[in-house]
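Examination of the molecular architecture
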Amino acid sequence: LKPRAIAQTINRAMRTFPAIVLTGPRQSGKTTLLKKLFARTHTFLSLEDPDIRVLARDDPRGFLEQYKAPLILDEIQYVPDLLSYIKSAIDEHRKPGQWIISGSQNFLLMKGVTQSLAGRAAVFTLLPFSYAEQAGRGSAMKAPTQWMRELSMDTTKKTTRVESRKIDEWILRGNYPEIASNKKVDRKIWCASYIATYLERDVRNLTAVGDLNQFDRFLTLCATRTGQLLNYSDIARDIGISVPTAKRWISLLEASYQVYLLYPYYKNIGKRLVKAPKLYFTDTALASYLLGIHNRETLLGSPHFGNLFETAIINEFVKRFTHFGEKPPLYFLRTFTKDEVDIALEFATKLSLFEIKSSATIAPKHAEILKRFIATIPRSSLSRAYLISRSPYRAILSPNIALKHWTDIT
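Let us look at the structure shown here. (Residues numbered from 1 in each chain as written. Predicted model: local features only at pLDDT ≥ 70, side-chain atom pairs only at ≥ 80, totals over all residues. Heavy atoms only, no water.)

Some details on helix 1 (residues 6-14)
The α-helix winds at 3.6 residues per turn, so residues separated by three or four positions along the chain end up facing the same way. Among the residues of helix 1, those classed as buried are I6, A7, T9, I10, A13 and M14. For helix 1, the arc enclosing every buried residue in end-on projection is 165°, short of the 170-degree limit, so these residues lie on one face. Next to the buried residues of helix 1 lie strand 1 (19-23), helix 2 (30-38), strand 4 (99-103), strand 5 (121-125), helix 7 (131-134) and helix 17 (305-322). (Buried < 20%, exposed > 50% of the residue type's maximum accessible area, 1.4 Å probe, protein only. Helix = DSSP H or I, 4+ residues; strand = E, 2+ residues; numbered from the N terminus. Arc of directions from axis to C-beta. Contact = heavy atoms within 4.5 Å.)

As for the sheet that holds strand 5
Read from one edge of the open sheet, 5 strands run 2-3-4-1-5, paired in parallel fashion. Looking at the sheet topology across the chains shown, the edges are occupied by strand 2 (43-46) and strand 5. Adjacent strand axes in the sheet meet at a mean angle of 15°, parallel and antiparallel pairs treated alike. (Pairing = 2+ DSSP bridges. Axes fitted to C-alpha atoms, helices over the stretch in contact; angles between N-to-C directions.)

So, the nonpolar core
Within the largest apolar cluster, 73 residues are counted, with the highest numbers of intra-cluster contacts made by F215, F218, L253, I313, F317 and L345. With 9 residues, helix 17 is the single largest residue contributor to this core. (Core = buried A, V, L, I, M, F, W, Y, C linked by side-chain atoms within 4.5 Å.)

Observations concerning the pattern of salt bridges
With the rule as written, the count across this model stands at 18 salt bridges. Notably, a salt bridge pairs K278 with E340, separated by 2.5 Å at the nearest N-O pair. Pair noted here: K278 is in strand 9 (residues 278-281) and E340 is in strand 11 (residues 340-347), with a separation of 62 residues, a long-range link. One exposure class covers both K278 and E340, and it is buried. For R334, the salt bridge is made with E340, and the minimal N-O distance between the two is 2.7 Å. Exposure class is identical for R334 and E340. Each is buried. Beyond isolated ion pairs, a larger network of salt bridges with shared partners links K278, E310, R334, E340 and D342. (Salt bridge = Lys/Arg side-chain N within 4 Å of Asp/Glu carboxyl O.)

Some points on the packing of helix 12 (residues 212-223) against helix 14 (residues 243-255)
Put simply, helix 12 and helix 14 touch, their axes get as near as 11 Å, and they point 75° apart. Between helix 12 and helix 14, the angle falls in the class roughly perpendicular. Every residue of helix 14 that contacts helix 12 at Q214, F215, F218, L219 and C222 is listed here: A246, W249, I250, L252 and L253. Residues of the contact of helix 12 with helix 14, tallied by class, amount to 9 nonpolar, 1 polar and no charged. (Parallel < 35°, antiparallel > 145°, perpendicular 65-115°, else oblique. Nonpolar A, V, L, I, M, F, W, Y, C, P; charged D, E, K, R; others polar.)

Structural notes on the state of the cysteines
Scanning the entire structure with this criterion turns up 0 disulfides. A disulfide-free cysteine, C222 has its sulfur positioned 17 Å from the sulfur of C191, the nearest such atom. (Disulfide = S-S within 2.5 Å.)

Describing the packing of aromatic side chains
Tallied over the entire structure, the rule returns 16 aromatic pairs. Plain terms: the ring middles of F215 and F218 are 5.7 Å apart, the flat faces sit at 40° to each other, and that makes the pair tilted. A residue pair is termed a helical-turn pair when its members lie 3 or 4 positions apart in one helix, as F215 and F218 do in helix 12 at 3 residues. Across the pair, F218 and F215 agree in class, each one buried. On the numbers, 5.3 Å between centres and 75° between planes, the contact of F218 with W249 is edge-to-face. You can see F218 sitting in helix 12 and its partner W249 sitting in helix 14, a full 31 residues away along the chain. Assessed through its relative accessible area of 0%, F218 is described here as buried. The exposure class assigned to W249 is buried, which follows from its relative accessible area of 4%. The ring of F44 carries the charged tip of K35 above its face, separated from the ring centre by 4.5 Å. The ring of Y232 carries K247 above its face, with NZ or CZ at 5.6 Å from the centroid. (Phe/Tyr/Trp six-rings, centres within 6.5 Å; stacked < 30°, edge-to-face > 60°. Lys NZ or Arg CZ within 6 Å of the ring centre and 35° of its normal.)

With respect to the sheet that holds strand 14 (residues 393-398)
What the 7 strands build is an open sheet, ordered 6-14-15-13-12-11-10; its pairing is mixed. With partners counted over all chains shown, the strands left at the sheet margins are strand 6 (160-161) and strand 10 (330-334), one partner each. Packing against the sheet, helix 8 (residues 144-152) makes contact with strand 11, strand 12 (350-356), strand 13 (382-389) and strand 15 (401-405), and its axis sits at approximately 125° to strand 11.

Structural notes on the pairing of strand 13
Within strand 13, 7 of the 8 residues are buried, which leaves it mostly tucked inside the rest of the structure. Where strand 12 and strand 13 come together, 6 bridges link them in parallel fashion. Within strand 13, the position partnered with E355 by the bridge is L387. Sheet topology places strand 13 next to strand 15; 5 bridges connect them, and they run parallel. Paired with L387 across the bridge in strand 15 is L403.

Okay, structure coming up:
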């Protein structure tokens, strides 16, 4: 079992919080992680089991009398009303680390947590593997503060060659533990099965979608727009639904961790900034599968390659903060003239800018957008700017801009 970075954060919270809530997409490794960490100390119960679910739903008090804490309750979204009874049990006997609750549907789970367990539970999200976790380095991952400090340190001003890694395999197989760790798992079958299960379980449970085939087409349409500005009107028109329905369906995808919305920086650097968020799939295996991209040649020659590469990098930033229990302080910058910086990371009151390029050959022109944005940001508010690419070199491009290989941020 590969170590997960979030394990140390959960263990720390267990010492003070009566309940731990772990949410995240299906198949991200929640059950595996909780069993690994707490199998010796907690009884594990899955509410996906029909017999367990019926008892918990029909007789919650009897259920909690039969199964005493410390407990791990998996897939709590099947019996969300149980959270109210857990609240009463916590209030009667407030002891740290007694209740561990997990679920795959953020909307239902967080609604119950907000209503019942506010102030009693530490809430965490487990996303699919980060690149470091997939490589078995999860326990050695640096917390965001240390990682940012080390990223900004340049040990030499000389250009340094770095070893290239297989970007195509990383994007095509994505980061869900089963498909990423076991090369024998057929990618097409796994992705098709995941999407079918997602539609039948999560979509039907979360909202009244009258036509699952139409929602399936909507999911594919979103894949074609990963890494792009989210335009609800365009999506609604292309799929033949209303704008309110498109917004509701995007919220559903976000609540079930299939997409991530990156919002524009909210402080007034310049007046010509757009307000629409950018849409990113949370896993590139599913996105590339929906796009019909199944091999290295098709991927590298696809017009979607740049957006898929950007999606993979954005997800690494999100996981870096999320798996350490922090909200990702991530934004993007874009003007109405379409100048754009992919990431504006607000950390310690300063901005770090990151431009992502899928090219393996970097020319001076690739840093021009960063230079233009740097010129508009007060020096006291700017930390550093970085150009992330597939170039096999690291270099200092200017006093404020460093060229980094994509593996430097993993």
